[in-house]
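Chains, contacts and geometry: an overview
Chain residues, written in single-letter form:
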Amino acid sequence: MPKVKRIDHIALVVENLESPLSFWQDALGLNLSGTLHVPQEEAKIAFLPLGSSEIELVHPTNPESGLGKYLEKRGPGMHHICLEVDDIEGMLDQLRAKGIQLINETPRLGEGGRRYAFIHPKSAYGVLVELYEYRADVGKLD
Ligand code: ZN
């Protein structure tokens, strides 16, 4: 049976990277491991590792993208939580069998061979949930 292993990251949508970093990095004292521009997702991301998880600040670079519109409509704040699973296909099958609505029926391939899929917030009580399978052979996004 497919298993959820841990929280991989919590993604926060932000209007820019600098001012939220003054809170997370300067006020709370988290470390910034790096920032990345991901053209494919039209976003700039700042990574703040925390235990075996991390907080990601995601700044949409295109106001017309899905994330850009989300920010415009709802303002900055929580965007999604990402759970690492050991078998993403198996987990998607299990969710489908339980009538859970998925945004991605099959895993999408991200940078560095990262495979991920989103569960619809309608089926997750208002929370956008990302599933992610770590593959040691291809490495992580960051
Ligand atoms: Zn994510």
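Further up the page is the structure itself.
Residues numbered from 1 in each chain as written. Predicted model: local features only at pLDDT ≥ 70, side-chain atom pairs only at ≥ 80, totals over all residues. Heavy atoms only, no water.

**Looking at the pairing of strand 8 (residues 129–133)**
By the criterion of burial, strand 8 is predominantly enclosed, with 5 of the 5 residues buried. Bridge count between strand 5 (residues 77–85) and strand 8: 5 bridges; the pairing is parallel. Residue pairing for strand 8: Leu 83 is matched across the bridge by Leu 131. Here strand 7 (residues 115–119) runs beside strand 8; their pairing, made up of 5 bridges, is antiparallel. By the bridge assignment, Ile 119 is partnered in strand 8 with Val 129. (Buried < 20%, exposed > 50% of the residue type's maximum accessible area, 1.4 Å probe, protein only. Helix = DSSP H or I, 4+ residues; strand = E, 2+ residues; numbered from the N terminus. Pairing = 2+ DSSP bridges.)

**Quick notes on the pattern of salt bridges**
Summed over the entire model, instances satisfying the criterion amount to 8 salt bridges. For Arg 114, the salt bridge is made with Glu 130, and the minimal N-O distance between the two is 3.4 Å. Taken together, the positions of Arg 114 in the loop between strand 6 (108–109) and strand 7 and Glu 130 in strand 8 put the pair 16 residues apart, joining distant regions of the chain. Summarising the burial analysis for this pair, Arg 114 and Glu 130 share the class buried. Salt bridges linked by common partners bring Lys 5, Arg 6, Asp 8 and Glu 84 together as one network. (Salt bridge = Lys/Arg side-chain N within 4 Å of Asp/Glu carboxyl O.)

**Thoughts on the environment of Pro 76**
Relative to the elements of secondary structure, Pro 76 occurs in the loop between helix 2 (66–74) and strand 5. Distance in space between the C-alpha atoms of Pro 76 and Glu 15 is 6.5 Å, their sequence separation being 61 residues.

**What about the side chain of Glu 56?**
Relative to the helices and strands, Glu 56 resides in strand 4 (residues 53–60). For the buried Glu 56, no salt bridge is present, and the opposite-charge side chain at shortest range is Arg 114, 5.3 Å distant. Once residues lying within four places of it in the same chain are set aside, the contact partners of Glu 56 are His 9, Ile 10, Ala 11, Leu 12, Ile 45, Ala 46 and Phe 47. (Lys, Arg positive; Asp, Glu negative; His and termini not counted. Contact = heavy atoms within 4.5 Å.)

**Quick look at the coordination of the zinc ion**
Ideal geometry at a metal centre gives angles of 109.5 degrees when four donors are arranged tetrahedrally and 90 or 180 degrees when six donors are arranged octahedrally. Every protein donor of the zinc ion is accounted for by His 9 (NE2), His 80 (NE2) and Glu 130 (OE), and the metal-donor separations fall at 2.0 to 2.1 Å. Positions of the donor residues of the zinc ion along the chain correspond to the pattern H-x70-H-x49-E. Taken together, the residues His 9 in strand 1 (residues 4–13) and His 80 in strand 5 connect sequence positions 71 residues apart. No difference in accessibility class separates His 9 from His 80, as the two residues are buried. (Donors = N, O, S within 2.8 Å, 3.2 Å for Na, K, Ca; no water.)

**Re the packing of aromatic side chains**
Inspection of the entire model under this criterion finds 2 aromatic pairs. Judged by centre distance (5.0 Å) and plane angle (75 degrees), the ring pair of Phe 23 and Trp 24 falls under edge-to-face. Seen from their ring centres, Tyr 116 and Phe 118 are 6.1 Å apart, and the 85 degrees between their planes marks the pair as edge-to-face. The class of Phe 118 is buried, set by a relative accessible area of 15%. (Phe/Tyr/Trp six-rings, centres within 6.5 Å; stacked < 30°, edge-to-face > 60°.)

**Remarks on helix 1 (residues 18–27)**
Pro 20, Leu 21 and Trp 24 are the residues of helix 1 that are buried. Along the axis of helix 1, the buried positions cluster into a sector of 100 degrees, meaning they face one direction only. Relative to its buried face, helix 1 has exposed residues pointing more than 90 degrees away, namely Glu 18, Asp 26 and Ala 27. On its buried face, helix 1 is in contact with strand 1, strand 3 (43–50) and strand 4. Phi turns positive, to about 85 degrees, at Gly 29, one or two residues after helix 1. (Arc of directions from axis to C-beta.)

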